[in-house]
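# Summary of structural features
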Amino acid sequence: MTADRARIVALSAGELADAVRAGTIAAVEVARAYLEQVEHTAARLGAYVRTTPALALAEAAAVDAARARGEPLGPLAGVPYGLKDSLVTAGVATAAGSRILAGWVPPYDGAQVRRMRAAGAVLLGKLALDEFGMGAHGDLCADVPEDRRGAGGGAQQGVHSGHALRDMSRETIALGERPGSSGAGSGRVAEASAGGWLSGHVGEAASAAGAWSSGHVPTNSSREAAKRTEGWPAGHVSADSSDRGWRGPCNPWSSGHVPGGSSSGAAAAVAGRAAAVALGSDTGGSIRVPAARCGLVGVRPTWGRVSRAGLVAFASSLDTVGPLARTVDDAARVLACLAGHDPEDSTSLRAPVPDYAAMAARGRSDGLHGVTIGVERAGLVGVEPAVAEAFAAALATLAGAGAAIVEVTLPDPAQALTAYAALSAVEAVSNLARYDGVRYGLCVPKDSFAATAAATRGPASGSRSSAGWCSARGCRRIRTCWRGRGRPGRRRLRGSRRRLSVVMRWPARPARRLACPF
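Figured I'd write up the structure that's included with this text. (Residues numbered from 1 in each chain as written. Predicted model: local features only at pLDDT ≥ 70, side-chain atom pairs only at ≥ 80, totals over all residues. Heavy atoms only, no water.)

### Overview of the overall build of the protein
Per the secondary structure count, the protein includes 14 helices and 10 strands. Relative to its 518 residues, the protein shows a buried fraction of 52%. In the protein, the proportion of contacts linking residues at least 24 apart, taken out of those at least 6 apart, comes to 72%. Summing over all exposed atoms, the protein offers an accessible surface of approximately 22,100 Å²; the carbon and sulfur share of this is 55%. (Helix = DSSP H or I, 4+ residues; strand = E, 2+ residues; numbered from the N terminus. Buried < 20%, exposed > 50% of the residue type's maximum accessible area, 1.4 Å probe, protein only. Contact = heavy atoms within 4.5 Å. Areas by Shrake-Rupley, 256 points an atom, 1.4 Å probe, with all protein chains shown as cover.)

See below:
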């Protein structure tokens, strides 16, 4: 690592933004240093599934140009960040860790991307995640990074299909064009002879011709692959499982351990100095778990505080978007930029946004006087001794900073887990039903919608279901199948069907319990 790159990546996001605003360092210089760091750590971390160097340099140049014109710069001016690949980006493929969306190029930016750009942040690329956010270890990504495709990448190198080829990013983008984006433009792309389905999916032929154009840094190196095993309480990665192919990012602090999920790439990138900050999503711990495992600050905001517009949904009533950062101040700066009502998300809160950065600054100067922290001792039963010691040391540090530590009693956590399992399963199955071959992702065109949806969701490698109408009596929905989904999504949907028993009440008929996946 060069001295300049080491100096730049060692700075916090707040320090970088302050230096860019003061003119002591150029945003383009920061972007180049981080792009070099991404390339240098790609084989070791595996955090990015695709990078955007041209876009990063264009956004950084725009920040420098604004400063040269004397314009005020945003609170994250020149700060390089990574984006979980379940947040859509115009002109850059978004797969959400799944094969069924492999190559899908969204026609617009999500609310989070637009707000980060308005704050002056610079997008480095899209980060790996467990498929559709369904995972706790970070080893269940079915979307293989571009630099690992074609080299025994194991985890599904793409999907062969006869669907129409169409890059939706070539449509006119009404919601915030970005500098240097291939998505800007007003011309419509000619629809392929296979039927021109509006799926935005890039097929095999286009991929060979360079459709994967987001610029991931190539490398011939490979890393230890995660052992595909369920229930690893320690998150350990087997060192002799390279034949299984790439499964997800590594923990920067220990290559033999997973970073936690589902925002695995976000945590690995920030902890590995391959991004100053990152945006992730949290449904049942997907920001907090990887942040804890990688020694970062991860914030799950109150539901509705940050817009979900542009987030590939898992469980809509539980999904949130939040930052992963190295310091509390950095997390506060990012959250302040993300928070606020969004007209595109009717569930976003209209309440005033607190000054998170000022709150963090007060904590640094005045300590935690007046802050009360509750601890439930029953929740610590059975933890490993080293973890208990670290927890006790953290409490002592907080108390030393002025916080009041009190013991509390919480309701039975088993009840919360049961409710979470039921709600997330129902909403996941409902949200994933939208991948029908017409609106998003993989498409196998047929003569009718029913035939198209059946063919798109039809049986493929590893499928445990068949196409057609649901066999549950009285149900008139098309049965979900998994042509494009990887093992994580298939396992979650099968678990949902085992757990759920949908009670449907028909007019003039008694209630029926139906074994229906929806």
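### Considering the pattern of salt bridges
A complete count under the given rule lists 16 salt bridges for this structure. Between Arg117 and Glu59 there is a salt bridge, with its nearest N and O atoms 3.4 Å apart. One end of the pair, Arg117, is in helix α5 (residues 111-118); the other, Glu59, is in helix α4 (residues 53-68), with 58 residues separating them in the sequence. Take Arg117 and Glu59: they sit in the same class, and that class is buried. Close ionic contact of Arg333 with Asp329 constitutes a salt bridge, the shortest N to O distance being 3.3 Å. Of the two residues, Arg333 and Asp329 are both situated in helix α9 (residues 328-338); the distance of 4 residues between them amounts to about one turn of the helix. According to the relative accessible area criterion, Arg333 is buried, its value standing at 16%. Here Asp329 falls in the buried class, since its relative accessible area comes to 16%. (Salt bridge = Lys/Arg side-chain N within 4 Å of Asp/Glu carboxyl O.)

### Remarks on the packing of helix α1 (residues 3-10) against helix α3 (residues 27-45)
Relative to each other, α1 and α3 sit at 100°, their axes nearing to 9 Å. Between α1 and α3, the interaxial angle falls into the category roughly perpendicular. The segment α1 lies against α3, with Arg5, Arg7, Ile8 and Val9 engaging Glu29, Val30, Ala33, Tyr34, Glu36, Gln37 and His40. In terms of residue class, the contact of α1 with α3 is made up of 5 nonpolar, 2 polar and 4 charged. (Axes fitted to C-alpha atoms, helices over the stretch in contact; angles between N-to-C directions. Parallel < 35°, antiparallel > 145°, perpendicular 65-115°, else oblique. Nonpolar A, V, L, I, M, F, W, Y, C, P; charged D, E, K, R; others polar.)

### Re the sheet that holds strand β3 (residues 122-127)
Taken together, 6 strands build an open sheet; the order of strands is β1-β3-β2-β4-β6-β5 and the sheet is mixed. The open sheet has two edge strands with one neighbour each: β1 (48-51) and β5 (297-298). Examined bridge by bridge, strand β2 (residues 80-84) and β3 share 5 bridges and lie parallel to one another. Considered in β3, the bridge of Tyr81 is made with Leu123. In this fold α4 packs onto β1 and β3, with an angle of close to 155° to the strand it touches most, β3. In the packing of α9 onto the sheet, the strands contacted are β4 (277-282), β5 and β6 (320-325), and the crossing angle to β6 comes to about 150°. (Pairing = 2+ DSSP bridges.)

### Describing a nonpolar patch on the surface
Residues Val406, Val408 and Leu410 make up a contiguous nonpolar surface patch of about 220 Å² in total accessible area. Position of Leu410 relative to the elements: it lies in the loop between β8 (404-407) and α12 (413-432). (Patch = residues over 30% accessible without salt bridge, like charges linked within 9 Å, V, L, I, M, F, W, Y side chains within 5 Å.)

### Quick notes on the packing of α9 against helix α10 (residues 356-366)
Think of two packed helices as two axes; the pair is described by the angle between the axes and how far apart they sit. The N-to-C vectors of α9 and α10 enclose an angle of 165°; their axes lie 7 Å apart at closest approach. Overall, the two elements α9 and α10 adopt an arrangement that is roughly antiparallel. Where α9 crosses over α10, the handedness of that crossing is right-handed. Residues Val328, Asp329, Ala332, Leu335 and Ala336 of α9 form the contact with α10, whose own contacting residues are Tyr356, Ala357, Ala360 and Arg364. Among the residues making up the contact of α9 with α10, the classes are represented as 7 nonpolar, no polar and 2 charged. (Left-handed = near helix turned anticlockwise from the far one by under 90°.)

### Some points on the side chain of Thr320
Examined against the element boundaries, Thr320 turns out to sit in strand β6. For Thr320, a relative accessible area of 3% corresponds to the buried category. In this view, Thr320 contacts Gly280, Ser281, Asp282, Arg300, Pro301 and Trp303; residues no more than four positions away in its chain are not counted.

### Description of α5
Burial analysis of α5 places 6 of its 8 residues in the buried class, the great majority of the element. If you check which residues of α5 are buried, you get Ala111, Gln112, Val113, Arg114, Met116 and Arg117. Summarising the contacts, the buried residues of α5 are in contact with α4, β2, β4, β6 and α9. Gly120, located one to two residues past α5, shows a positive phi value of around 95°.

### Describing helix α2 (residues 13-22)
For α2, the complete set of buried residues consists of Ala13, Gly14, Leu16, Ala17, Ala19 and Val20. Packed against the buried residues of α2 are α1, α3, α4, β2, β4 and α9. The positive-phi residue at the C-terminal boundary of α2 is Gly23, with phi of around 85°.

### Notes on the environment of Glu344
Topologically, Glu344 is positioned in the loop between α9 and α10. Here the alpha-carbon distance between Glu344 and Gly110, two residues 234 residues apart in the chain, equals 9.7 Å. Separated by 3.2 Å, the side chains of Glu344 and Arg114 make a polar contact. (Polar contact = N/O pair within 3.5 Å; in protein donor to acceptor, adjacent residues only side chain to side chain.)

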